[in-house]
Amino acid sequence: MTLIYQSTRDKNNQVTASQAILQGLATDGGLYVPSQIPSVALDFGTLKNATYQEVATRVLSAFLDDYTKEEIAYCVEQAYDEKFDDAAIAPVVALDGQYNLELFHGNTIAFKDMALSILPYLMTTAAKKHGVDREIVILTATSGDTGKAAMAGFANVPGTKIIVFYPKDGVSKIQERQMTTQVGDNVKVIAIDGNFDEAQTNVKAMFNDTSLREEMFAHHKQFSSANSMNIGRLVPQITYYIYAYAQLVKKQVIKSGDKINVSVPTGNFGNILAAYYAKQIGLPISKLICASNENNVLTDFFHTGTYDKNREFFVTSSPSMDILVSSNLERLIFHLTNDDDVKTAKLMQDLQTTGEYEITPDMLAQLDGFYADFADETEISERILSAYEKDHYVEDPHTAVASAVYQKYVAATGDDKTPTVIASTASPYKFPKAVVGSLTELTGQEDDFELVEKLADLSKVTLPKAVSDLFGAPVLHETVVACADMQSAVETYLEFDKDTKDL
Ligand SMILES: *Cc1c(COP(=O)(O)O)cnc(C)c1O
């Protein structure tokens, strides 16, 4: 039987996995979720010797079950190859008291590559399956890492275009340069005069705009999403939690069946939701530690049951987590209501109209598998320094949030025995100012590119190609628009003013 995906806001809106991937968002504004948790064989006696690709194949075949075996094999092969600079794809590194799961060995040195390396293949395969010959236009809002990873995946993929919006002053200089130097005939990068939440809200609005959808169809195009709202982003992320567990079994840190904790630096709630699904299929996870930076809306939510985005927005050293509206939380809310689309839609309506919603005590009680806390800028910096001093290991600021919050968890609960995996989401080379500034004194005059050299000196880790390639690469994208003009920027790029309609 084929696994059905249903919208969180209308259970009658049902599609298969490949249809969900092609569409991105449900047209009712909801997000697609699996209607049941498929069974995945977790025999770690075998899995401990499996390659990353083999684990991925097993997870994807179960969750994306309307793809054929050959289609999944093709997508996995194309995605997880020499693009990754480590044969393990996602190596696990033992540090003092924790295990860092390095998710930054792909094209753009952030964890978004884990899913965005495969999404273009899943999407174009889905289009072929369904006989869709309209051009697929990927519309993406980025807090810094998704944009580059999505472009790296979709650049020059026939039958697609990709448009990326990023907050002008909300990303690191390296992140910005990575995006503005992107080559490809089908890519467009646009900075907006606003923050990530505004970018994401306007992108969602374009997806849900019926007349724009018709206009797109008339031009023989349709939108899809490369954001973690797309199930094609979430499912591939389940793989690395299973893989990490298998590696710990292999290293005899744990025996099959032993519990681990997972600490995830969280923004849009995609990565930690993948860990939640891993737990649902039976991975022995004790606590899912939801780690936030000073934009700690999720910490408050897990403590009180009230989600309230009406608060000051901080630009921090971990910009990919500078988010006040965590889109994927909607999927967890839906599951907490026992898959009740009406209740979920009501809460999301509350969020839209008042900026807040409150879950019931019963729903809150079901969140006991999570632990939530946040780290401020000083704590992040201190963690970067202490990892360097203890382990001679350099964490990026996002990873340091997860490590610092894990230490708070240990202090609060006394649980220092359960082996804990830290989702290590970016290479420190992406955030040289914050990282080098934590390790040494800065004058404030250094630019990111000088700091990268300094970081190479300090860390003894070779400069990744993703960064060295940026030196001297020409800037190809310089468009900046106001938030209100995002849609017209899309229409201009897609040349709606020219008479390209099918008549
Ligand atoms: C996107 C991102 C995050 C946040 O992940 P979510 O899935 O949005 O919660 C954390 N760290 C880095 C480096 C990221 O790029």
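- You'll find the protein entered in an unreviewed UniProt entry as Threonine synthase, with Pseudolactococcus plantarum given as the organism.
- In its Sequence similarities (unreviewed entry) section, UniProt records this for the protein: "Belongs to the threonine synthase family."
- We quote the UniProt Cofactor (unreviewed entry) comment for the protein here in full: "pyridoxal 5'-phosphate".

## Regarding the site of the ligand
Step number 1: Among the 15 residues in the neighbourhood of the ligand, the closest are listed as K112, D145, G267, N268 and T425.
Step number 2: Considering the ligand on its own, with 380 Å² of exposed area, one finds that the protein chains cover 98% of that surface.
Step number 3: The cavity that encloses the ligand is the largest cavity.
Step number 4: Among the residues forming the shell around the ligand, the class breakdown is five nonpolar, eight polar and two charged.

## Description of the UniProt feature "modified residue: N6-(pyridoxal phosphate)lysine" (unreviewed entry) in the protein
Step number 1: Sites flagged by UniProt as "modified residue: N6-(pyridoxal phosphate)lysine" (unreviewed entry) map to K112.
Step number 2: Within the secondary structure layout, K112 lies in helix α5 (residues 112–116).
Step number 3: The exposure class of K112 is buried, given its relative accessible area of 10%.
Step number 4: Sequence-distant contacts of K112, defined by excluding residues within four places in its chain, comprise D145, T146, A149 and R233.

## Thoughts on the layout of surface pockets
Step number 1: Roughly 540 Å³ of volume is contained in the largest pocket.
Step number 2: What lines the largest pocket is a set of 21 residues, and nearest its centre among them are R9, K204, M348, L351 and Q352.
Step number 3: When residues of the lining of the largest pocket are traced back to their parent elements, those giving at least two are α9 (196–208), α14 (329–336) and α15 (341–354).
Step number 4: Looking at the lining of the largest pocket element by element, the count peaks at six residues for α9.
Step number 5: Classifying every residue of the lining of the largest pocket gives eight nonpolar, eight polar and five charged.

## Section: empty space enclosed by the protein
A probe matching the size of a water molecule, rolled over the atoms, marks out where space remains unfilled.
Step number 1: Counting across every chain of the model gives one cavity of 30 Å³ or more.
Step number 2: By volume, the largest cavity amounts to about 270 Å³.
Step number 3: Lining the largest cavity are 27 residues, and of these F111, K112, G267, N268 and S320 sit closest to its centre.
Step number 4: Put simply, the parts of the chain that give the lining of the largest cavity at least two residues each are α11 (231–250), β10 (260–265) and α12 (270–280).

Thresholds, definitions, all that
- Residues numbered from 1 in each chain as written.
- Predicted model: local features only at pLDDT ≥ 70, side-chain atom pairs only at ≥ 80, totals over all residues.
- Heavy atoms only, no water.
- UniProt positions renumbered as here; feature names shortened; annotations may be inferred.
- Near = heavy atom within 4 Å.
- Areas by Shrake-Rupley, 256 points an atom, 1.4 Å probe, with all protein chains shown as cover.
- 1 Å grid on protein atoms, 1.4 Å probe; cavity = no way out; pocket = protein on both sides within 12 Å on 5 of 7 lines; lining within 4 Å.
- Sits in = over half its atoms within 2 Å of the grid points.
- Nonpolar A, V, L, I, M, F, W, Y, C, P; charged D, E, K, R; others polar.
- Helix = DSSP H or I, 4+ residues; strand = E, 2+ residues; numbered from the N terminus.
- Buried < 20%, exposed > 50% of the residue type's maximum accessible area, 1.4 Å probe, protein only.
- Contact = heavy atoms within 4.5 Å.
- Points joined across faces, edges and corners; volume = space filled by probe spheres on them.

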